[in-house]
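Residues per chain are reported as follows:
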Amino acid sequence: MSGYLFRLLLLAAVIGIMGQAEGSSEGNNSSIYRNILIQALTQYDEDLNSSSYILDEFVKKNISSNDAMIATTSLFILASHTLETIEDAELPLEYAIYHNDMIQALEYLREYLWDLAKFYETNEISYALSAKDNFNSSLYYYEKGKSLLKMGGS
């Protein structure tokens, strides 16, 4: 449960930063946006790790397909919120590439999670195959976007 509380606190922090971004000067927008982007990268990583845990528990038969579907659907909702936060953020021009990469990573993550939830629901292999493709695409864009963390302050 503490993982969910931590995620909730992170979302509250992003919402707080979004509120600050609306009233800030252009000079602060880059710093605020960079923080939002870093938080989105962190949330992406958390959601991906959680989905891997759910899949592992499902394969080990420690959770039912219904429980796996419900847990994965929750992750889908969390990833959707993160995506909306990035899409709604005021985009400083210098972050356009990172912004687009993060949006692509999150869109593919959502599709991956949706495919996994449908696989748990139906046991149709086509959903698992689609999930694999979306997982790989999501990781590609995530790794590109993650290069922001290696940058110094902008």
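Residues numbered from 1 in each chain as written. Predicted model: local features only at pLDDT ≥ 70, side-chain atom pairs only at ≥ 80, totals over all residues. Heavy atoms only, no water.

### Examining the overall build of the protein chain
Part 1 of the reasoning: Secondary structure summary: the protein chain contains five helices and zero strands in total.
Part 2 of the reasoning: Put simply, the protein chain runs from its N terminus to its C terminus through helices and strands in the order α-α-α-α-α.
Part 3 of the reasoning: Out of the 154 residues in the protein chain, the part that is buried amounts to 39%.
Part 4 of the reasoning: The long-range fraction of contacts in the protein chain, counting pairs at least 24 apart against all pairs at least 6 apart in sequence, stands at 76%.
Part 5 of the reasoning: When the accessible area of the protein chain is evaluated, it comes to approximately 8,500 Å², of which 56% is carbon and sulfur surface. (Helix = DSSP H or I, 4+ residues; strand = E, 2+ residues; numbered from the N terminus. Buried < 20%, exposed > 50% of the residue type's maximum accessible area, 1.4 Å probe, protein only. Contact = heavy atoms within 4.5 Å. Areas by Shrake-Rupley, 256 points an atom, 1.4 Å probe, with all protein chains shown as cover.)

### Digging into a negative patch on the surface
Part 1 of the reasoning: Residues Glu-84, Glu-87, Asp-88, Glu-107 and Glu-111 make up a contiguous surface patch of negative charge.
Part 2 of the reasoning: For the negative patch, the secondary-structure elements that each account for two or more residues are helix H3 (65–88) and helix H4 (96–122).
Part 3 of the reasoning: Per-element accounting of the negative patch gives the leading share, three residues, to H3.
Part 4 of the reasoning: Following the sequence through the fold, Glu-87 ends up in helix H3.
Part 5 of the reasoning: The partly exposed category is assigned to Glu-87, whose relative accessible area is 40%. (Patch = residues over 30% accessible without salt bridge, like charges linked within 9 Å, V, L, I, M, F, W, Y side chains within 5 Å. Salt bridge = Lys/Arg side-chain N within 4 Å of Asp/Glu carboxyl O. Lys, Arg positive; Asp, Glu negative; His and termini not counted. Charge placed at Lys NZ, Arg CZ, Asp CG, Glu CD.)

### A few points about the nonpolar core
Part 1 of the reasoning: Of all hydrophobic cores here, the largest spans 30 residues; its most connected members are Leu-37, Tyr-44, Ile-86, Met-102, Leu-106, Leu-109 and Tyr-112.
Part 2 of the reasoning: Elements with a minimum of two residues in this core: helix H2 (26–59), H3, H4 and helix H5 (125–150).
Part 3 of the reasoning: Here this core takes eleven residues from H4, the largest share from any one element.
Part 4 of the reasoning: Dropping the residues within four chain positions of it, Tyr-112 is found in contact with Leu-48, Ser-51, Ala-131, Asn-134 and Phe-135. (Core = buried A, V, L, I, M, F, W, Y, C linked by side-chain atoms within 4.5 Å.)

### So, the confidence of the model for the protein chain
Part 1 of the reasoning: Looking at the protein chain as a whole, its pLDDT mean stands at 84, while 78% of the residues score no less than 70.
Part 2 of the reasoning: Predicted confidence for residues 17–24 stays below pLDDT 50, and this span has 14 contacts to residues more than four positions away or in other chains. (pLDDT = per-residue confidence, 0-100.)

### Here's the deal with unusual backbone geometry
Part 1 of the reasoning: A positive phi angle is found at Lys-61, which is not glycine, with a value near 65 degrees.
Part 2 of the reasoning: Within the fold, Lys-61 resides in the loop between H2 and H3.
Part 3 of the reasoning: What makes Lys-61 exposed here is its relative accessible area of 73%.
Part 4 of the reasoning: Its identity as a non-glycine residue notwithstanding, Asn-123 has a phi of 65 degrees, on the positive side.
Part 5 of the reasoning: The topology assignment puts Asn-123 in the loop between H4 and H5.
Part 6 of the reasoning: Since its relative accessible area comes to 56%, Asn-123 is described here as exposed.

### Remarks on H3
Part 1 of the reasoning: Look at H3: 34 Å from first C-alpha to last across 24 residues, which is about the 34 Å you get at 1.5 Å a residue.
Part 2 of the reasoning: Regarding H3, the residues found buried are Ala-68, Thr-72, Leu-75, Leu-78, Ala-79, Ser-80, Thr-82, Leu-83, Thr-85 and Ile-86. (Expected span 1.5 Å × (residues − 1).)

### Side note on the environment of Ser-31
Part 1 of the reasoning: Considering the arrangement of structural elements, one finds Ser-31 in helix H2.
Part 2 of the reasoning: By relative accessible area, Ser-31 is classed as partly exposed at 44%.
Part 3 of the reasoning: Taking the C-alpha atoms as reference points, Ser-31 and Pro-92, 61 residues apart in sequence, are found 9.4 Å from one another.

### A few points about the environment of Tyr-33
Part 1 of the reasoning: Here Tyr-33 shows up in helix H2.
Part 2 of the reasoning: The sequence separation of Tyr-33 and Ile-86 amounts to 53 residues, and the corresponding C-alpha distance is 8.8 Å.
Part 3 of the reasoning: Among the polar contacts made by the side chain of Tyr-33, one reaches the side chain of His-99 at a distance of 2.4 Å. (Polar contact = N/O pair within 3.5 Å; in protein donor to acceptor, adjacent residues only side chain to side chain.)

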